[in-house]
Amino acid sequence: MEKHFKEEEFARVIKFTPPLYKQRYQFVKDLVEKYKPKKVADLGCADCRLLWMLKFCSCIEVLAGLDISASVMKEKMHTLSPLPFDYLQPSERSLTVTLHHGSVAHKDPCMLGFDLVTCIELIEHLEESELKKFPEVVFGFMAPSIVVISTPNSEFNPLLPGVVLHRHPDHKFEWNQAQFQSWALEAARCYDYSVEFTGVGHPPKGMENVGFCTQIGVFVRKYPQTGGSVQCEKPTEAVYKTVFKAVYPSLKDEKYLRNAVVSEVIFTAQNIKHHLMSKHEEYDDDPERKSEFQPSVDCFSDYLGKLVVDKTMEPFVNGNEVYIPLATIFSFPRVNQLCGTFEKLCKLIAGKVTLSSDGSAVVFNTEHE
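- The chain has the name Small RNA 2'-O-methyltransferase in an unreviewed UniProt entry, where Oxyruncus cristatus is given as its organism.
- For the chain, the Cofactor (unreviewed entry) comment in UniProt is given as "Mg(2+)".
- Quoted verbatim from the Catalytic activity (unreviewed entry) field of the UniProt record, the comment on the chain reads "small RNA 3'-end nucleotide + S-adenosyl-L-methionine = small RNA 3'-end 2'-O-methylnucleotide + S-adenosyl-L-homocysteine + H(+)".

1. Things to note about unusual backbone geometry
- Backbone torsion omega between threonine 17 and proline 18 reads -5 degrees, so that peptide bond is classified as cis.
- Among the structural elements, proline 18 can be located in the loop between helix H1 (7-10) and helix H2 (20-35).
- If you check the backbone angles, lysine 36 has positive phi at about 55 degrees while not being a glycine.
- Its place among the elements puts lysine 36 in the loop between H2 and strand E1 (39-43).
- For glutamate 121, which is not a glycine, the phi torsion comes out positive at approximately 55 degrees.

2. What about the packing of aromatic side chains?
- A complete count under the given rule lists 15 aromatic pairs for this structure.
- Judged by centre distance (5.1 Å) and plane angle (70 degrees), the rings of phenylalanine 139 and tyrosine 193 are edge-to-face. Of the two residues, phenylalanine 139 is situated in helix H6 (residues 128-142) and tyrosine 193 in strand E6 (residues 193-200); the sequence distance between them amounts to 54 residues. With respect to class, phenylalanine 139 is no different from tyrosine 193; both count as buried.

3. Regarding the sheet that holds strand E10 (residues 321-325)
- The antiparallel open sheet is built from 3 strands, whose spatial order is E9-E10-E11. A single partner strand is all that each edge strand has here, and the edge strands are strand E9 (316-318) and strand E11 (361-365). In this sheet, adjacent strand axes meet at a mean angle of 25 degrees when their direction is disregarded.
- For E10 and E11, the ladder comprises 5 bridges, and the chain directions are antiparallel. When the sheet's bridge partners are listed, tyrosine 323 is paired in E11 with valine 363.

4. Things to note about the sheet that holds E6
- Read from one edge of the open sheet, 8 strands run E6-E7-E5-E4-E1-E2-E3-E8, paired in mixed fashion. Either end of the sheet is taken by a strand with one partner, and the two such strands are E6 and strand E8 (241-247). Averaged over all pairs of adjacent strands, the angle between strand axes in this sheet comes to 15 degrees, irrespective of strand direction.
- Here strand E2 (residues 62-67) runs beside strand E3 (residues 96-101); their pairing, made up of 6 bridges, is parallel.

Calculation criteria
- Residues numbered from 1 in each chain as written.
- Predicted model: local features only at pLDDT ≥ 70, side-chain atom pairs only at ≥ 80, totals over all residues.
- Heavy atoms only, no water.
- UniProt positions renumbered as here; feature names shortened; annotations may be inferred.
- Helix = DSSP H or I, 4+ residues; strand = E, 2+ residues; numbered from the N terminus.
- Phe/Tyr/Trp six-rings, centres within 6.5 Å; stacked < 30°, edge-to-face > 60°.
- Buried < 20%, exposed > 50% of the residue type's maximum accessible area, 1.4 Å probe, protein only.
- Pairing = 2+ DSSP bridges.
- Axes fitted to C-alpha atoms, helices over the stretch in contact; angles between N-to-C directions.

Have a look at this one:
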C-alpha cells in the first residue's frame, strides 16, 4: 500500500523538509544507531523503503519485513538483494533479509527473537478485530526489547488540504493525541513496557498545541524476557508465507573469508615484490616514471623496514624467484585483521598461493606477474 501519495499534496501548504516519510524513517534509523539492535522487524513494511535504509546499518544482522500485501512487497523487494560490490568486498558482519506475507493479527514463530520491531503508519490500517489482537501479538508474543509505533495525529488534519475525514482512504481510524496515548499506555501496562511519546512533522509556529503531524510511541520492555511464557504459546506451524530471502556474503563465511585473505596476501606480496625489484629494473628505463613513483616506494620501504625486525622476516631474491615470508605478510594490519592468527592464515591460503618448499614464504617468479 502506498503510504506517501498524499504527502506532496500536503506540502503545498505545509512544507515538511525532509518529507514526512523520510523523517519517520530517519527517526527509526536514529534509534538503531542509539540502541544497536542486531535483529529488526518492520511490520507493515509495504514497499520496503525502511528495510532498504536499515540494511546499511552495520549493527543489524537480521532484517525481516511483514505485510498483508505480497504484490506491494514484490514490486521493490529486488532493492534488498546483494549487489556485485557486496560479493567483491564482503562485509565483516552477516546479514539476512527476509520478507513475509501475512497479518500482524497472527502469531508466527519466525517473528520471535527480534530486538526492535517497527510499526510505521500501520495500526490505522487495521480492522477493529485486528487492532484488538495486535498488542498481544507484538508485545506479548514477539516481546522485543523495543517497539516503535507511529500513526497520524488527527488534530493536525485541519491543517492539511483536502483531508475531510482521514488522510488515506484505507485508514480505518485516526487518533488524536489523547486517544493514541491512552491506547499506548494501556498496552504498555499490560505487557510490562514503558512508553515515551514524541513525533515528527512540527506544527506551524504558534500552533504547538496541535502536536506533531505524525505521533510516535517508543516502547521499551521493562524486564528481560524469560522465554518460558513465549515458548509455551509458540505456534506449532508457520502461518506466514516467505516471499523473499537474501543472505549477504560475509567474512564470517569461510568461503568468502578465504577469497578475501588470498586476495590480500597476493596484493601485499606483490607490493613487497615490486619494492624489491624497483631499484634493479622496474623504473631504470624511465627516469620520469621513477621520479613519479619514488615517494610511494620510499613510504612502503619505510613501513616494510619497521616490520622486518629479523632476518627470518626479510624478503629476498634467489635467482629468478622472490621469497616473501608469511610472517612478514601476516604483520600487515589488513592481513592480520582478516586472519587473527598465523595458523589461520596458513590454513586459509593452503593450495591457493604458491609457497616455498617449507611453506614459510610466498614465492613469485620475477619474470611473471
